[in-house]
Amino acid sequence: MSQSCSVLVVEDDPGVRELLRHVLTDEGNDVEVAQNGEEVRAALEARAFNAVIIDVRLPGAENGIALARQAEERGCAVVLITGDHNHAEALERTGYKYLLKPFRVERLLEVTEEATEMMSARCRIRRRRDRTS
Amino acid sequence: MERRATILIVDDEATLRAVFSDMMTRQGYRCITAANAVDALQIIESNLLELDMLVTDIKMPGALDGVALASKLRELQPGVAVLVITGYPESAAMKEAKARRYRVLEKPFRQAELEEAVAEELRQRLGADEARRAVASVTPIAQARKGKAR
C-alpha cells in the first residue's frame with residue numbers, strides 16, 4: 001500500500017492471524033486483530049479502520065460475509081480471503097474484493113489499497129449526495 | 001507495485017534467525033521468520049502466502065527437520081526455492097537434502113556466502129531478470145515507504 005492504513009484482520013487461526021499482522025505491520029500499517037464476531041464488533045466500536053481483511057470461513061454462527069457487512073456499514077473497505085477456490089464465483093457476487101490462497105504479499109497490499117480507495121470514493125459520493133438532498 | 005521476494009526463515013536459534021532476517025531485509029527481500037519447525041509448518045500448511053524461498057536450518061528440536069519442511073512446502077508450492085543450512089554435513093537429513101537436490105550451505109559460512117547462495121537459488125527458480133528485480137531495485141523503495149509511514 002502506498003500509505004499507512006489502519007487495518008483490522010479477522011482470522012480464527014492464530015498462526016495465520018499473526019502472519020497477516022506481521023506482513024501488514026512490516027509495510028507500515030496500523031494493524032489490529034480479531035478472531036470472532038464479538039471481537040470484531042468490539043474493535044469497530046472502539047475505533048475506525050480503513051479496511052478489514054476477513055477470512056470467509058470462521059467458526060461459529062457468524063461467517064466472514066456477515067461480519068463484512070457489519071464492517072462495511074461502518075465505512076470500512078472489505079477484503080475477503082478464502083482457501084476454497086470453488087468459492088470464487090460466489091465471492092465475486094458479493095461485490096467485495098477477495099483473495100484466493102496462496103497469494104503474494106504484493107497482491108494483498110494492492111487489493112487492500114484498491115478496496116480502501118473504492119470505499120473512500122463511495123463515502124465522498126454519499127456525503128455529496130447528503131449535502132445536496 | 002514492485003515485487004520483492006518473500007523468504008521464510010526457520011531457525012531455532014534466535015540470534016541466527018535475527019541476523020539472517022536483518023541481513024536479507026537489507027538485501028531487499030521480505031522476510032517472515034519461524035522459531036521452530038512446528039511454527040514453520042503451520043505457516044506452510046496454511047498456504048496463505050505465495051513464498052519465493054525457504055531458508056531453513058536442517059536440525060531443529062522435535063520430530064520435524066528442515067528437509068521435511070522443504071518437502072511439505074514443495075508439495076504445496078512446487079516452484080519455491082530452498083536453501084538448507086547445516087552444521088552436520090554427514091547426517092542422514094543432510095543426505096536426504098542432497099538426494100532431493102536442495103541447495104545446501106554448511107556452517108560455518110561467511111555472510112557473503114549466504115547472500116550468494118540465496119541470490120543464486122532465487123536466480124535459478126525465478127529466472128535472472130525477476131530475481132534481480134526482487135532484490136536490487138526494491139530496497140530504496142521499501143525504505144522510502146517505511147520512512148513515509150512512520
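Quick notes on the environment of B:Lys59
Reasoning step 1: Assignment of secondary structure puts B:Lys59 in the loop between β3 (53-57) and α3 (66-76).
Reasoning step 2: If we skip the residues at most four places from it in the chain, B:Lys59 touches B:Asp65, B:Thr86, B:Tyr88 and B:Ala93.

A word on the packing of helix α1 (residues 14-26) of chain A against helix α2 (residues 37-46) of chain B
The relative placement of two packed helices comes down to the angle between their axes together with the axis-to-axis distance.
Reasoning step 1: Between α1(A) and α2(B), the least distance of the axes is 9 Å, while the angle of their chain directions is 85°. Of the possible angle classes, the one that applies to α1(A) and α2(B) is roughly perpendicular. Along the contact surface, α1(A) presents A:Gly15, A:Val16 and A:Leu19, while α2(B) presents B:Gln42, B:Ile43 and B:Ser46.
Reasoning step 2: Tallied by class, the residues present in the contact of α1(A) with α2(B) amount to three nonpolar, three polar and no charged.

Re the sheet that holds strand β4 (residues 77-82) of chain A
The strands making up a sheet associate through backbone hydrogen bonding, with each pair oriented either parallel or antiparallel.
Residue and element names in this part refer to chain A.
Reasoning step 1: Strand order in the open sheet formed by five strands is β2-β1-β3-β4-β5, and the pairing between neighbours is parallel. Every interior strand has two partners, whereas the edge strands, β2 (30-34) and β5 (97-100), have only one. Here the strands of the sheet are splayed against their neighbours by 20° on average, with no regard to which way each runs.
Reasoning step 2: Across five bridges, the pairing between strand β1 (residues 6-10) and β2 is parallel. Across the sheet, Val10 pairs through a bridge with Ala34, a residue of β2.
Reasoning step 3: Against the sheet, α1 engages β1, β2 and β3 (51-55), with an angle of about 170° to β2.

Some details on the interface of chain A and chain B
Reasoning step 1: Listed as interface residues are 17 residues of chain A and, on the opposing side, 18 residues of chain B.
Reasoning step 2: In terms of residue class, the side of chain A that touches chain B is made up of six nonpolar, six polar and five charged.

A word on the sheet that holds strand β2 (residues 30-34) of chain B
All names here are of chain B.
Reasoning step 1: Strand order in the open sheet formed by five strands is β2-β1-β3-β4-β5, with parallel pairing between adjacent strands. Every interior strand has two partners, whereas the edge strands, β2 and β5 (103-106), have only one. Across the sheet, the mean angle separating the axes of adjacent strands is 20° when strand polarity is ignored.
Reasoning step 2: Looking at chain direction, strand β4 (residues 81-86) and β5 are connected through four bridges and run parallel. In the sheet register, Leu83 faces β5, and the bridge partner there is Arg103.

A word on the confidence of the model for chain B
Reasoning step 1: The predicted model of chain B averages 87 in pLDDT, with 87% of residues at 70 or higher.
Reasoning step 2: Every residue in residues 136-150 of chain B is under pLDDT 50, and counting partners more than four places away or in other chains gives 16 contacts.

Things to note about the pairing of β4(A)
All names here are of chain A.
Reasoning step 1: Within β4, five of the six residues are buried, which leaves it mostly tucked inside the rest of the structure.
Reasoning step 2: Here five bridges tie β3 to β4, and the two strands are oriented parallel to one another. Bridging from a neighbouring strand, Ile54 pairs with Leu80 of β4.
Reasoning step 3: Tracing the backbone out of β3, into helix α3 (residues 64-73) and back to the parallel element β4 gives a crossover that is right-handed.
Reasoning step 4: Note: β4 against β5, four bridges, orientation parallel. Across the sheet, the residue bridging to Thr82 is Leu100, located in β5.
Reasoning step 5: Handedness of the crossover is the feature at issue here: the chain leaves β4, passes through helix α4 (residues 88-94), returns alongside β5, and the resulting connection is right-handed.

The rules we used
- Residues numbered from 1 in each chain as written.
- Chains lettered and ligands numbered in written order.
- Predicted model: local features only at pLDDT ≥ 70, side-chain atom pairs only at ≥ 80, totals over all residues.
- Helix = DSSP H or I, 4+ residues; strand = E, 2+ residues; numbered from the N terminus.
- Contact = placed C-beta atoms within 7 Å.
- Axes fitted to C-alpha atoms, helices over the stretch in contact; angles between N-to-C directions.
- Parallel < 35°, antiparallel > 145°, perpendicular 65-115°, else oblique.
- Nonpolar A, V, L, I, M, F, W, Y, C, P; charged D, E, K, R; others polar.
- Pairing = 2+ DSSP bridges.
- pLDDT = per-residue confidence, 0-100.
- Buried ≥ 20, exposed ≤ 12 C-beta atoms within 10 Å, placed from the backbone.
- Right-handed = clockwise from strand over helix to strand, strands pointing away.

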